[in-house]
Amino acid sequence: AGPAGATLAVPRRAAPYKGSDRQARGALLTVLRAGGALDAAAAAAAVPDPAQLRRCLEGLVADGLLVADTGRWRLPGHRE
């Protein structure tokens, strides 16, 4: 038995992947790896929900995984 007053942790269910920001971020990075830079039209095609797209782009830039470059986004270290 564990210490007095100890409780067992209840495992949390993972959030669904389909439609998640995690999935959207992955879609954006997949497009970038395949083609170099990402413009607004390509970004919107990959993530059609404008609020989610904005959240994901801002998050990827904040995490250092994307660089914003005059209305386009690219992977760090890549130039057009």
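Above this text you will find the structure in question.
Residues numbered from 1 in each chain as written. Predicted model: local features only at pLDDT ≥ 70, side-chain atom pairs only at ≥ 80, totals over all residues. Heavy atoms only, no water.

K.L.:
Honestly, the pattern of salt bridges in this entry has me stumped. Any pointers?
P.N.:
Close approach of charged atoms allows side chains of opposite charge to pair. Scanning all chains against the criterion turns up 3 salt bridges. Among the ionic pairs, Arg55 bridges to Asp21, the shortest N-O distance being 2.8 Å. Taken together, the residues span a long stretch of sequence, with Arg55 in helix α3 (residues 50–62) and Asp21 in helix α1 (residues 21–35) at a distance of 34 residues. By relative accessible area, Asp21 is classed as partly exposed at 28%. With a closest N to O distance of 2.8 Å, Asp63 and Arg25 form a salt bridge. Taken together, the residues Asp63 in the loop between α3 and β2 (67–68) and Arg25 in helix α1 connect sequence positions 38 residues apart. (Salt bridge = Lys/Arg side-chain N within 4 Å of Asp/Glu carboxyl O. Helix = DSSP H or I, 4+ residues; strand = E, 2+ residues; numbered from the N terminus. Buried < 20%, exposed > 50% of the residue type's maximum accessible area, 1.4 Å probe, protein only.)

K.L.:
Help me understand α1 in this model?
P.N.:
Count 3.6 residues to each turn of an α-helix, and residues three or four apart come out pointing the same way. Over its 15 residues, α1 extends 21 Å from the first C-alpha to the last, a length consistent with the 21 Å expected when each residue adds 1.5 Å. Regarding α1, the residues found buried are Ala24, Leu28, Leu29 and Leu32. The arc that holds every buried residue of α1, seen down its axis, measures 135°, which confines them to one face. Of the exposed residues in α1, the ones pointing more than 90 degrees away from its buried face are Arg22, Arg33 and Ala34. Immediately downstream of α1, the backbone of Gly36 shows phi near 95°, a positive value. (Expected span 1.5 Å × (residues − 1). Arc of directions from axis to C-beta.)

K.L.:
Explain α3 here, please?
P.N.:
Between its terminal C-alpha atoms α3 stretches 18 Å, which fits the 18 Å expected from 13 residues at 1.5 Å a residue. For α3, every residue scored as buried is listed here: Gln52, Leu53, Cys56, Leu57, Gly59 and Leu60. Along the long axis of α3, the arc covered by the buried residues comes to 165°, so they all point the same way. Opposite the buried face of α3, at more than 90 degrees from it, the exposed residues are Pro50, Glu58 and Ala62. Next to the buried residues of α3 lie α1, β1 (37–39), α2 (40–46) and β3 (72–74). Gly64 sits one or two positions beyond α3 and adopts a positive phi of about 80°. (Contact = heavy atoms within 4.5 Å.)

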